[in-house]
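Report on the structure
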Amino acid sequence: MDSDHTPQAAGSVLAPAADAPPAAAPRIDCRDIKVFYGATQAIHGVSMSFPDRAVTALIGPSGCGKSTFLRCLNRMNDTIENCRVEGQILMDGQDINDHSIDPVLLRSRVGMVFQKPNPFPKSIYDNIAYGPRIHGIATSREDLDAIVEKSLRRAGLWEEVKDRLQAPGTSLSGGQQQRLCIARAIAVRPEVILMDEPCSALDPVATARIEELIDELRKRYCIVIVTHSMQQAARVSQRTAFFHLGNLVEMGETEQIFTNPREKRTEDYITGRFG
Amino acid sequence: MTDPAASSFSTPEALKRLKRRRAADVRFRYYGLGAIFLALSALVLLVLSIGSQAVSAATYHVVRYDITLDPAVITPPGETTPEDIARNVDGFWELARDNLLETFPEANRDRASRIEVSEFITRLAVLPTARKVAARPEMVGNPITLTAPLNDDLDLYLKGQALPERRLRTGTITAVTAQEDGFALLEGQGAFTPILTALTTLQAEGVSMDEGSILITAGGATGRLHGIQAGTARLELLTGTLDAFRNSTAAARLIALPEAQRVVSDQQIAWTFALKEMGRISRVPRWTLLTNSDSTYPELAGGLAALVGSLFTMLVTALVAIPIGILAAVYLEEFAPKNRLTDFIEVNINNLAAVPSIVFGLLGAAVYINFLGMPRSAPLVGGLVLALMTFPVVIIASRAALKAVPPSVRSGALAIGASQMQTVFHHVVPLAAPGILTGAILGMARALGETAPLLLIGMVAFVGDVPTSPTDESTVMPVLIFTWANNAERAWEPMTSAMIVVLLAVLLLMNGLVVFLRRKYERRW
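These notes cover the structure that comes with them. (Residues numbered from 1 in each chain as written. Chains lettered and ligands numbered in written order. Predicted model: local features only at pLDDT ≥ 70, side-chain atom pairs only at ≥ 80, totals over all residues. Heavy atoms only, no water.)

The subject of this paragraph is the overall build of chain B. On a plain count of helices and strands, chain B comes out with 20 helices and ten strands. Since a compact globule built from 525 residues should have a radius of gyration of about 24 Å, the 34 Å found for chain B marks it as more spread out than a globular shape. Summarising its shape, the C-alpha atoms of chain B cover approximately 105 × 90 × 40 Å along the three principal directions. Classification of the 525 residues of chain B by burial places 45% in the buried group. Look at the contacts in chain B between residues 6 or more apart in sequence, and 74% of them connect residues 24 or more apart. With the model as given, the accessible surface of chain B reaches about 26300 Å², and the carbon-plus-sulfur share is 62%. In chain B, which carries 44 positive and 45 negative side-chain charges, the distance between the mean positions of the two groups comes to 16 Å. (Helix = DSSP H or I, 4+ residues; strand = E, 2+ residues; numbered from the N terminus. Rg over C-alpha atoms; globule rule 2.2 N^0.38 Å. Buried < 20%, exposed > 50% of the residue type's maximum accessible area, 1.4 Å probe, protein only. Contact = heavy atoms within 4.5 Å. Areas by Shrake-Rupley, 256 points an atom, 1.4 Å probe, with all protein chains shown as cover. Lys, Arg positive; Asp, Glu negative; His and termini not counted. Charge placed at Lys NZ, Arg CZ, Asp CG, Glu CD.)

Right, let's talk about the overall build of chain A for a bit. Secondary structure assignment for chain A yields eleven helices and ten strands. Compactness check: chain A gives a C-alpha radius of gyration of 18 Å against a globular reference of 19 Å for 275 residues, within 12% of the reference. Each principal axis of the C-alpha atoms in chain A carries an extent, and together these give about 55 × 45 × 35 Å. The proportion of buried residues among the 275 residues of chain A is 56%. Partitioning the intrachain contacts of chain A with sequence separation of at least 6 by distance along the chain shows that 67% fall at a separation of at least 24. Summed over its atoms, the accessible surface of chain A is roughly 11500 Å², and 49% of this surface lies on carbon and sulfur atoms. If the 32 positive side-chain charges of chain A are averaged to one point and the 35 negative ones to another, these points end up 2 Å apart.

Here we take up the sheet that holds strand E5 (residues 184–187) of chain B. All names here are of chain B. What the seven strands build is an open sheet, ordered E3-E9-E6-E7-E8-E5-E4; its pairing is antiparallel. At either end of the open sheet lies a strand with only one pairing partner, and these are strand E3 (165–173) and strand E4 (175–178). Direction aside, the axes of adjacent strands within the sheet are offset by 35 degrees on average. Relative to strand E9 (residues 248–255), strand E6 (residues 213–218) runs antiparallel, the two sharing five bridges. Considered in E9, the bridge of Thr217 is made with Ala251. Across the sheet, helix H9 (residues 193–204) touches E3, E6, strand E7 (221–226) and E9, and the angle it forms with E3 is around 155 degrees. Taken strand by strand, helix H10 (residues 266–277) contacts E6, E7, strand E8 (232–239) and E9, and its axis lies near 75 degrees from that of E8. (Pairing = 2+ DSSP bridges. Axes fitted to C-alpha atoms, helices over the stretch in contact; angles between N-to-C directions.)

Our next topic: the state of the cysteines. Residue and element names in this part refer to chain A. Evaluation of the coordinates by the stated rule reveals zero disulfides over all chains. Left without a disulfide partner, Cys181 is nearest to the cysteine sulfur of Cys199, which lies 12 Å away. Its relative accessible area of 3% is what places Cys181 among the buried residues. Accessibility expressed as a relative area gives 8% for Cys199, which makes it buried. (Disulfide = S-S within 2.5 Å.)

A separate point is the sheet that holds strand E2 (residues 143–149) of chain B. Consider a sheet: its strands pair through backbone hydrogen bonds, and that pairing is either parallel or antiparallel. All names here are of chain B. Pairing within the open sheet is antiparallel, and its three strands lie in the order E2-E1-E10. Every other strand in the sheet has two partners, leaving E2 and strand E10 (281–285) as the edge strands with one partner each. Averaged over all pairs of adjacent strands, the angle between strand axes in this sheet comes to 40 degrees, irrespective of strand direction. With seven bridges connecting them, strand E1 (residues 59–68) and E2 associate as antiparallel partners. If you follow Ile67 over to E2, its bridge partner there is Ile144.

Now for the interface of chain B and chain A. A common way to state how big an interface is: give the accessible area lost once the parts meet. If you look at the interface, chain B gives 19 residues, while chain A gives 25 residues. With both sides pooled, the region where chain B packs onto chain A buries about 1800 Å², and carbon together with sulfur makes up 66% of that total. Where chain B packs against chain A, one counts zero salt bridges. Our count for the chain B to chain A interface comes out at five residue pairs in polar contact (both at pLDDT 80 or more). Contributions of two or more residues to the side of chain B that touches chain A are made by helix H16 (407–415) and helix H17 (420–448) of chain B. In terms of residues, the side of chain B that touches chain A owes the most to one element, H16 of chain B, which gives seven residues. Across the side of chain B that touches chain A, the residue classes tally to nine nonpolar, eight polar and two charged. (Buried area = accessible area lost by both parts, 1.4 Å probe. Salt bridge = Lys/Arg side-chain N within 4 Å of Asp/Glu carboxyl O. Polar contact = N/O pair within 3.5 Å; in protein donor to acceptor, adjacent residues only side chain to side chain. Nonpolar A, V, L, I, M, F, W, Y, C, P; charged D, E, K, R; others polar.)

Residues and elements named next belong to chain B. Their axes nearest at 9 Å, the elements helix H14 (residues 357–371) and helix H15 (residues 379–403) cross at an angle of 130 degrees. The angle between the axes of H14 and H15 places the two elements in the oblique class. Remark: the crossing between H14 and H15 carries right-handed chirality. Contacts between H14 and H15 involve Ser357, Phe360, Gly361, Leu363, Gly364, Tyr368 and Ile369 from the former and Val381, Leu384, Val385, Leu388 and Met389 from the latter. (Parallel < 35°, antiparallel > 145°, perpendicular 65-115°, else oblique. Left-handed = near helix turned anticlockwise from the far one by under 90°.)

It is worth spelling out the nonpolar core at this point. Tyr65, Leu69, Phe92, Phe104, Phe120, Ile121 and Ile269 of chain B are the most contacted members of the largest nonpolar core, which totals 46 residues. For this core, the elements supplying multiple residues, two or more each, are E1, helix H5 (89–103), helix H7 (127–135), E2, helix H8 (152–158) and H10 of chain B. Considering every element that reaches this core, the biggest residue donor is H5 of chain B, with seven residues. Phe92 of chain B has contacts with Leu69, Ile74, Ile85, Val126, Thr129, Ala130 and Val133 of chain B, leaving out every residue within four places of it along the chain. By size, the runner-up hydrophobic cluster in this structure holds 45 residues, among which are Ala57, Ala155, Ala167 and Leu180 of chain A. (Core = buried A, V, L, I, M, F, W, Y, C linked by side-chain atoms within 4.5 Å.)

For Asp32 of chain A, which is not a glycine, the phi torsion comes out positive at approximately 55 degrees. Mapping Asp32 of chain A onto the fold places it in strand E1 (residues 26–37). If you check the backbone angles, Ser377 of chain B has positive phi at about 55 degrees while not being a glycine. As for its position among the elements, Ser377 of chain B is in the loop between H14 and H15.

Below, the discussion takes up helix H19 (residues 477–486) of chain B. For H19 of chain B, every residue scored as buried is listed here: Met477, Pro478, Val479, Leu480, Ile481 and Trp484 of chain B. Packing partners of the buried residues in H19 of chain B comprise helix H11 (288–291), helix H12 (304–335), H17, helix H18 (452–456) and helix H20 (492–522) of chain B.

In this section: the environment of Lys66 of chain A. All names here are of chain A. Tracing the chain through its elements places Lys66 in helix H2 (residues 66–72). Distance in space between the C-alpha atoms of Lys66 and Asn127 is 28 Å, their sequence separation being 61 residues. The contacts of Lys66, once residues within four sequence positions are left out, are Leu58, Ile59, Gly60, Pro61, Val226, Thr227, His228 and Phe243. Only 3.2 Å separates the side chain of Lys66 from the backbone oxygen of Gly60, close enough to count as a polar contact.

Residues and elements named next belong to chain B. On the surface, a cluster of positive charge is contributed by Lys16, Arg17, Arg20, Arg21 and Arg22. Mapped onto the fold, Lys16 is located in helix H2 (residues 12–58). Lys16 sits in the exposed class, given a relative accessible area of 57%. (Patch = residues over 30% accessible without salt bridge, like charges linked within 9 Å, V, L, I, M, F, W, Y side chains within 5 Å.)

Structure, rendered in structure tokens:
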């Protein structure tokens, strides 16, 4: 794993650059992505890139392919029967769909947080420790304890759960569970975090906490978030991409998309005329 | 019709519709209650009918014999080793019979009586005592108390299940006079009126007492009555002394069935009452039902060999069916591609679960025994046959349990870089474990109660010894029940019920285990 991108290194080096324009070198570069479910084509040749240390929001009406597209980035579509992905997805110049790339290793570098919080039915500690254990990141108990604490601190959950690490992860509230899932993703030291509507099952207070957290995580990771809430996209992202019917309609700086969209369809969608 | 909302609630049509809907609800509730009531009453009926039979087999009568272990009989010259003693069942049996002959001198008068008295105890009944003495040969020459089960017919008679009889008490018998023809004249003011009344009643009920017996018992003495009149009757003394009847009210028994058609004779009944009066017959719990093996004598028979046979069979079934079933289910559910081939396999697994069990027996006989040359009647073959029958059930239950694990758990594990195998075995299988276990144990419970396929591979043979390995000749509990139920003697009937209760208890235990395991696992959040 690239040691430059271990979270502790990133934190000190990139803190000042966090609010710099997200024109940094693209972390992930997608070229002409097409996704098919059996005979139906879900995504029609999308090309876009995701800059490092910035949040990119994917918006669009239901069924527009934004989740499908997100799942291409860590090859989660592999687990779906009949699903076929065409095109190139370059990460650090390497095609992640190449046969030489093991999806298991890819997913340890590209973490994912799902729509519904899905902690394992194990203790809070084991939820975090599972990833480092299977990847052999931590060898000793002390290392593991340190990773668990650091991940929970990063996810802003440490103060709430430090006294009950052995309690089941499922005993937490929905918002806490989602932060636990984020901590779980962070624990394997990813470089990219994909979030598939992470707040859609949460109340506004928990949503606000997650959004704060995303803003915090932006300093260290490349984050791609799918959201239905345009306000959320406007609040947390630096760049926004608008999908419609499997096509990338428009992509640009978030501010520009929301204030001055180039496309008519984008304008209609963000002003609530359809979707 | 000014306010549409209000009117739609109160129009006659709407009210009528509402009434019909409510009636349908109520009707459905009663249908449900009725169905539950029917199911429950069937269960209660089953438990009552089997239970009431089984209760009588839960106890039995044993006879005590105080005998001296005569070395001349127990250790005749040349047969003095412990093995010889253990084998010398006849010697012990003769001592017990001689003890009875001593107790009842009248039994010695002719051969028929000697046979009747010898029927009190079966030869094999003394085997435990013989083994006990063989283990401690210094007991030879000393007096011991031998306790052995009473003959099953007499046991059943004492429990009131062998013969229909009417019991009553006579009035006081005041005079007893022995007569030259061997009979005795009993006299008493109106002493026999109750018997005459009972005879009239029986006649009215259409029961003929012409060839039946009227027995009266006082103390240890029992006799047969003839020529009954209100104040006098002639007594044919069967056992005991005439003095016992003087100044007593005797217990009378009216047995309509002719002696020739019965399994117990009047003489045997008389001796039984005498032994009981002496306190030598006692009713004790029948632990031998669980500690003895099968026997041709119901009073000696037990289910130990069948229990152990069932245990071995289930062991083989479990070792084969559960791992294969679970692995097949995990592969089909988690790894296999969904295509025509796997669809075909799935359909056929479901078909396999629906194949009648006797077909598996034929298959077992043809393949395991004839082709592979495995031993007949062995739990190994029985277990393999039952495994064929059980593993589709395990596969179906396990697949259902795996399917019920939320996909979010799988994607959660995959998304942090767990391999598919790690995902399945670290997350999915542990969550599905309670369901898999339930399926496995229920499948085993079904196999435990299976009879038909085992008949075909020869597990129905009479097995007197407890099997010590899965390749020994053996039988299993349901087959033992089948065998016992086919036996002619009346005493087998309660024995069969008792064995059914034992089998049901084992099944209940297994089902209880399912519930317990499920609770235990579910508590792990």
